[in-house]
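Descriptive analysis of the structure
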Amino acid sequence: MDTSGLPEEHLKAIQDYLSTQLTLDSDFVKSGSCSLPHLKKLTVLLCKELYGEVTRTLPTLESLQRLFDQQLSPGLRPRPQVPGEANPINMVAKLSQLTSLLSSIEDKVKALLHEGPESSHRRSLIPPVTFEVKSESLGIPQKLQLKVDVESGKLIIKKSKDGSEDKFYSHKKILQLIKSQKFLNKLVILVETEKEKTVRKEYVFADSKKREGFCQLLQQMKNKHSEQPEPDMITIFIGTWNMGNAPPPKKITSWFLSKGQGKTRDDSADYIPHDIYVIGTQEDPLGEKEWLEILKHSLQEITSMTFKTIAIHTLWNIRIVVLAKPEHENRISHICTNNVKTGIANTLGNKGAVGVSFMFNGTSLGFVNSHLTSGSEKKLRRNQNYMNILRFLALGDKKLSSFNITHRFTHLFWLGDLNYRVELPAWEAETIIQKIKQQQYADLLSHDQLLMERKERKVFLHFEEEEITFAPTYRFERLTRDKYAYTKQKATGMKYNLPSWCDRVLWKSYPLVHVVCQSYGSTSDIMTSDHSPVFATFEAGVTSQFVSKNGPGTVDSQGQIEFLRCYATLKTKSQTKFYLEFHSSCLESFVKSQEGENEEGSEGELVVKFGETLPKLKPIISDPEYLLDQHILISIKSSDSDESYGEGCIALRLEATETQLPIYTPLTHHGEMMGHFRGEIKLQTSQGKKREKLYDFVKTERDESSAPKSLKSLTSQDPMKQWEPANRVPPCGGSSITEIINPNYMGVGAFGHMKQTLSPDQQPTAWSYDQPLKDPSLGPGRGESPPTPPSQPPISPKKFSSSTATRGPCLRTQEPRPGDVGKSTGEPLPPEDPQLTKPEMFENPLYGSVSAFPKPAPRKEQESPKMLRKEPPPCPDPGILSPSILLSKAQEAEGGKGTGKPAPAPAPFLSPTPRLRSFTCSSSTAEGRPPGGDKGSQGKPKAPAGSQVPVPAKRPIKPSRSELSQQPPAQRPPLPVKSPAVLHLQHSRGRDYRDNAELPHLAKHRPEDAPPPGRAAMQ
């Protein structure tokens, strides 16, 4: 053996081992020992320099690896080098690490060279995205490129796509995004310059969808680089799919990207992963493990992240899966799952519900996936299914046993195949399909059973649903989305399953909590089932696990919650005594009040007065940052049986502390209205300032054109317009009508500013669970995007407008309902003069927004408390002013005369400029306007002909010859020829005004009792 190359020291050590020490190691082995101590000493000596060299080399190689790995794992941090002794075990570990690093670097460089220089961004969680915008400089419009780099926290402004950057703003310098409501594609960015001056940068995007994508990316940048240790908001994906007992296709990523029809996400938001994914399936043929693997693989494909399984629960073929980002694993606790069977005799699980609930830091979240009874004629059975699930699904905090699941969670999401159908006769099937092809959804939605049942307050009381702008998701012919299979031969005869919106997502959140629906639609490319998957995405406000600044063990005695002059109105003839229970996570335990005094109301209902006897509540933490995010649950119970007669929720997000402010909440029990609770509250907190939330980064700018309309009489407004906050005063107060307001606090203005105009004995309703009907004409709020048209082209040859009707943020507000307009049991409103009624304009979701027009009067003057509804009637003192009409003194004087002498509407509204839109007009006498408000006259009138206001003759839109040729030949004899009057009524909505400045006749009214087709008429 050649030893010439060995160091002399090493050669001598080897010779010594072979001559003397080898025999010693041999003795160790013969005695049963496994160790070779002398060989170990030899290897340590030989590897001493090698170990030091590897230790010095590894950090360099790790840095090189991170260079190529930076985009894949932006949060990667170098591992600290822990010094260790040069023993064989450490040496083997170091060598293994060395070989692994070298192999990894080689693979990454090969991939980079093979895929090109942009590949590292391609696999990034959120790669840089460039938007083309227009901006005016000295009155000259110019095109600019806005490049959003979320990972580096920069907004880069360039004059050309390939040119060098002109300037950039770091995330700290971007102070605010302000969205215009008048122009859906306009955005103002407030930035801080080097001289610490605030500058407004105004940009116009290609369409509203691009603007929303830009806002979502900037919000993500703010969240990612925030110094706050815990998030203020999360995004939640909700998906529901009846799989039809068939395995899914190989690719289902479009579902999780919210791609397809309806309100969809812009492509620029594809790389933004949601924090939580909730997937509900029905008729699911797969095993839990197999389905979980498919879901995780699909999410890995689009987000490059491996999501953690939070919960999975299955009842027969009904399943719910909850996945979350790995970083949220330690924020999620108190996970609970449960199910309710509603099949035959409520014992079979082929129908029913599965649910999951958990805490995300300090916020409770609940999710229910249900599969209700099928069959168009079984609407009442579905209603009963809902009630049973509501009553018996055991989720959330067990201490809240007095409350059903609608009150146990900050945010409750209800998804599934609810099986409510379009209630039309079977012989209209082909007519329905033609309307779907022409995207005339409003007419069909006016017959949607779920919307009608919600309007009559029979199911999903106080829930919300985003406007439906996608085609019915059932019943398709499998493997295609171009044909509905609406007939099914059974032993009992032919069964009809008319195209229907069976698959839905609804939600209910505590009052004054931030929640925005960013998308709601269905996929077009997943065709293995006779249902299409439905998606909805939400931005939801969350609170952190607050730690008192006083430290552990100290008593926080500064805070106090005081209820004054409270009374409850109940629909009961019981003469038992009643008391209140107060529950909240900010209280150590629930608090019980003394019994109230019973009185009979003016309409036979029971009024329980508590006066000044209610206990003062002591919160565990009095810091305003904590306390103003809390809610108090109220239950009114019988002293005889301790049975609850009604439950409600009061938000503590008050505009002022140390001041008596009015409160209101409806009382419900087992999903039905039971009455109302009113009074005043006085909140005392410790010293401190409530910090601005991260979701306050995006705000909405009120348009000046809405100011003159604020003096219009309540009765001259269309009911649908009563539900968007128009000129709310922001929580900080003292601002003008045109001031920028924060959409997340809409609803606080009405609350905090009532004290300016109402005397203490007037009981205004500050908040209510009844949600505003979302009026698209007021423009978008957070996260909106226009509906994506389905595969069938609309009847008009015009391209589908990208700046279509979208809605403002749906912050949970505590305020009254639309259907209550003009039904006050307080000061009655004068009768409406039809000649003075000014109709409002509504958008057609097929063609876009009318958002350029001024908006209706502010919600302040339009609100009407839900107690004004005829069923059930409340009983405030007759002399009290309708509590929700909040006017300044000048406005009261003007508004009181509104019906006799309404304030003139602004000129732009009466003389609109030509718009590429399709307009319809609707009467303000109609109650409970449909979603989007643009569909009032589309359905067939149901009032007698004599009650209709005459309308001018209109020519109906006729299908083109090519479309007529594609229609199947009629299978039945022709119907009798209809009179011109009937044809006129059927087609009265068809006129296309997009190329014409002419508007529908101002006298055109929708029949008062015609069912509104929209989403929110059901509240």
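Bear in mind that the values here come from a model prediction, so they are computed numbers and not experimental data. (Residues numbered from 1 in each chain as written. Predicted model: local features only at pLDDT ≥ 70, side-chain atom pairs only at ≥ 80, totals over all residues. Heavy atoms only, no water.)

**So, the overall build of the protein**
- The helix and strand tally for the protein stands at 19 helices and 35 strands.
- The proportion of buried residues among the 1019 residues of the protein is 58%.
- In the protein, once contacts between residues fewer than 6 apart in sequence are set aside, the share between residues at least 24 apart is 75%.
- Of the roughly 42600 Å² that the protein leaves accessible, carbon and sulfur atoms contribute 54%. (Helix = DSSP H or I, 4+ residues; strand = E, 2+ residues; numbered from the N terminus. Buried < 20%, exposed > 50% of the residue type's maximum accessible area, 1.4 Å probe, protein only. Contact = heavy atoms within 4.5 Å. Areas by Shrake-Rupley, 256 points an atom, 1.4 Å probe, with all protein chains shown as cover.)

**Side note on the environment of Pro 273**
- As for its position among the elements, Pro 273 is in the loop between β9 (261-263) and β10 (276-282).
- Along the sequence, Pro 273 and Leu 299 sit 26 residues apart, while their C-alpha atoms lie 8.7 Å from each other.
- Apart from residues lying up to four places away in sequence, Pro 273 is in contact with Ile 126, Thr 235, Thr 303, Met 305, Phe 307 and Lys 325.

**With respect to helix α7 (residues 288-303)**
- The terminal C-alpha atoms of α7, which comprises 16 residues, lie 22 Å apart, in line with the 22 Å expected from a rise of 1.5 Å per residue.
- Restricting attention to buried positions, one finds in α7 the residues Trp 291, Leu 292, Leu 295, Ser 298, Leu 299, Ile 302 and Thr 303. The arc that holds the buried residues of α7, viewed along the axis, is 130°, so those residues lie on one side. For α7, exposure combined with an orientation more than 90 degrees from the buried face picks out Lys 289, Glu 293 and His 297.
- Just beyond α7, the residue with positive phi is Ser 304, at close to 60°. (Expected span 1.5 Å × (residues − 1). Arc of directions from axis to C-beta.)

**Focus on the pairing of strand β21 (residues 534-541)**
- Counting buried positions along β21 yields eight of eight residues, so the element is predominantly enclosed.
- Residues Val 534, Ala 536, Phe 538 and Ala 540 line one face of β21 and the alternating positions Phe 535, Thr 537, Glu 539 and Gly 541 line the opposite face, and both faces are buried.
- By the bridge criterion, eight bridges tie strand β8 (residues 233-242) to β21 in an arrangement that is antiparallel. Pairing of Ile 236 across the sheet is with Phe 538, part of β21.
- Sheet topology places strand β20 (residues 515-522) next to β21; seven bridges connect them, and they run antiparallel. Among the inter-strand pairings, Val 516 is bridged to a residue of β21, identified as Glu 539. (Pairing = 2+ DSSP bridges.)

**Section: the pattern of salt bridges**
- In this structure the tally under the stated criterion is 34 salt bridges.
- Its salt-bridge partner being Glu 680, residue Arg 565 comes within 3.4 Å of it at the nearest N-O pair. Linking Arg 565 in strand β22 (residues 560-570) with Glu 680 in strand β30 (residues 672-684), this pair joins segments that are 115 residues apart in sequence.
- When its relative accessible area of 30% is taken as the criterion, Arg 565 is described as partly exposed.
- Overall, Glu 680 belongs to the buried group, its relative accessible area being 8%. (Salt bridge = Lys/Arg side-chain N within 4 Å of Asp/Glu carboxyl O.)

**Some remarks on the sheet that holds strand β14 (residues 352-360)**
- Reading across from one edge, β13-β14-β15-β16-β19 is the order of the five strands in this open sheet, with mixed pairing throughout. Lying at the two open borders of the sheet, with one neighbouring strand each, are β13 (332-341) and β19 (503-509). Between one strand axis and the next, the sheet turns through 15° on average, direction left out of account.
- Packed onto the sheet, helix α8 (residues 379-392) meets β13, β14, β15 (363-371) and β16 (411-417) and runs at close to 140° relative to β13. (Axes fitted to C-alpha atoms, helices over the stretch in contact; angles between N-to-C directions.)

**Description of a positive patch on the surface**
- Residues Lys 378, Arg 381, Arg 478, Lys 488 and Lys 490 make up a contiguous surface patch of positive charge.
- If you trace the backbone, Lys 378 turns up in the loop between β15 and α8. (Patch = residues over 30% accessible without salt bridge, like charges linked within 9 Å, V, L, I, M, F, W, Y side chains within 5 Å. Lys, Arg positive; Asp, Glu negative; His and termini not counted. Charge placed at Lys NZ, Arg CZ, Asp CG, Glu CD.)

**Here's the deal with a nonpolar patch on the surface**
- On the surface, Val 29, Leu 36 and Leu 39 cluster together to form a nonpolar patch covering roughly 210 Å² of accessible area.
- Given the relative accessible area of 31%, Leu 39 is considered partly exposed.

**Some details on the confidence of the model for the protein**
- Chain-level statistics for the protein give a pLDDT mean of 74 and a share of 64% at 70 or above.
- With pLDDT under 50 throughout, residues 960-971 is counted as low confidence; its partners more than four residues away or in other chains account for six contacts. (pLDDT = per-residue confidence, 0-100.)

**With respect to the environment of Asp 25**
- On the secondary structure map, Asp 25 appears in helix α1 (residues 8-30).
- Exposure remark for Asp 25: the relative accessible area of 2% places this residue in the buried category.
- Not counting residues up to four positions away in its chain, the partners in contact with Asp 25 are Tyr 17, Leu 36, Pro 37, His 38 and Leu 39.
- Of note is the side chain of Asp 25, whose polar atom sits 2.8 Å from the side chain of Tyr 17. (Polar contact = N/O pair within 3.5 Å; in protein donor to acceptor, adjacent residues only side chain to side chain.)

**Remarks on the packing of aromatic side chains**
- The tally for this structure, following the rule as stated, stands at 25 aromatic pairs.
- Taking 6.0 Å as the distance between ring centres and 75° as the angle between the ring planes, the aromatic pair formed by Phe 131 and Phe 205 counts as edge-to-face. Placement of the pair is Phe 131 in strand β1 (residues 129-137) and Phe 205 in strand β7 (residues 198-205), with a sequence separation of 74 residues. Across this residue pair, the class does not change: Phe 131 and Phe 205 are buried.
- An angle of 20° between the planes, with centres 5.0 Å apart, marks the rings of Phe 563 and Phe 582 as stacked. In this pair, Phe 563 is assigned in strand β22 and Phe 582 in strand β23 (residues 578-583), connecting sequence segments 19 residues apart.
- Phe 563 gets classed as buried once you look at its relative accessible area, which sits at 1%. (Phe/Tyr/Trp six-rings, centres within 6.5 Å; stacked < 30°, edge-to-face > 60°.)

**A short note on the environment of Leu 661**
- As for its placement among the helices and strands, Leu 661 is situated in strand β29 (residues 660-669).
- A residue is classified by how much of its surface remains accessible, and Leu 661, at 1% relative accessible area, is buried.
- Each C-alpha atom, one on Leu 661 and one on Phe 563, is 9.7 Å from the other, the two residues being 98 residues apart in sequence.

**Side note on α1**
- Counted at 1.5 Å a residue, the expected span for α1 with its 23 residues is 33 Å, and the 32 Å between its end C-alpha atoms agrees.
- Of all the bends in α1, the greatest measures close to 55° and is centred on Gln 21.
- Residues of α1 that are buried include every one of His 10, Ala 13, Tyr 17 and Asp 25, and no others.
- Of the residues trailing α1, Gly 32 is marked for its positive phi of about 95°. (Bend = angle between axes of the 7 residues up to and from the residue.)

**Describing the side chain of Asn 497**
- Its place among the elements puts Asn 497 in the loop between β18 (493-496) and β19.
- Judged by its relative accessible area of 3%, Asn 497 is buried.
- Among residues more than four places away in sequence, those in contact with Asn 497 are Arg 421, Tyr 474, Arg 475, Ala 485, Tyr 486 and Lys 488.

**Observations regarding unusual backbone geometry**
- Geometrically, the link from Tyr 474 to Arg 475 is a cis peptide bond, its omega value of 5° lying close to zero.
- Position of Arg 475 among the secondary structure elements: in the loop between α12 (449-455) and β17 (487-490).
- At Asn 346, a position not held by glycine, the phi torsion is positive, near 55°.
- By secondary structure assignment, the location of Asn 346 is in the loop between β13 and β14.

**Things to note about the pairing of strand β3 (residues 154-158)**
- Burial runs high along β3: four of the five residues are buried.
- Sheet topology places strand β2 (residues 140-149) next to β3; five bridges connect them, and they run antiparallel. Following the sheet pairing, Asp 149 is matched in β3 by Lys 154.
- Two successive antiparallel strands, β2 and β3, enclose a turn made up of four residues, where Gly 153 displays a positive phi of approximately 75°.
- Summarising the sheet, β3 and strand β4 (residues 165-170) pair through five bridges and their orientation is antiparallel. Residue Leu 155 lies in a different strand from β4, and its bridge partner there is Tyr 169.
- Hairpin connection of β3 to β4: six residues between the antiparallel strands.

**A word on the side chain of Asp 530**
- Within the secondary structure, Asp 530 sits in the loop between β20 and β21.
- Polar contacts involving the side chain of Asp 530 include one to the side chain of Ser 529, which spans 3.3 Å.
- Beyond its immediate sequence surroundings of up to four residues, Asp 530 is in contact with Gly 244, Thr 473, Tyr 474, Arg 475, Phe 476, Arg 478 and Arg 481.

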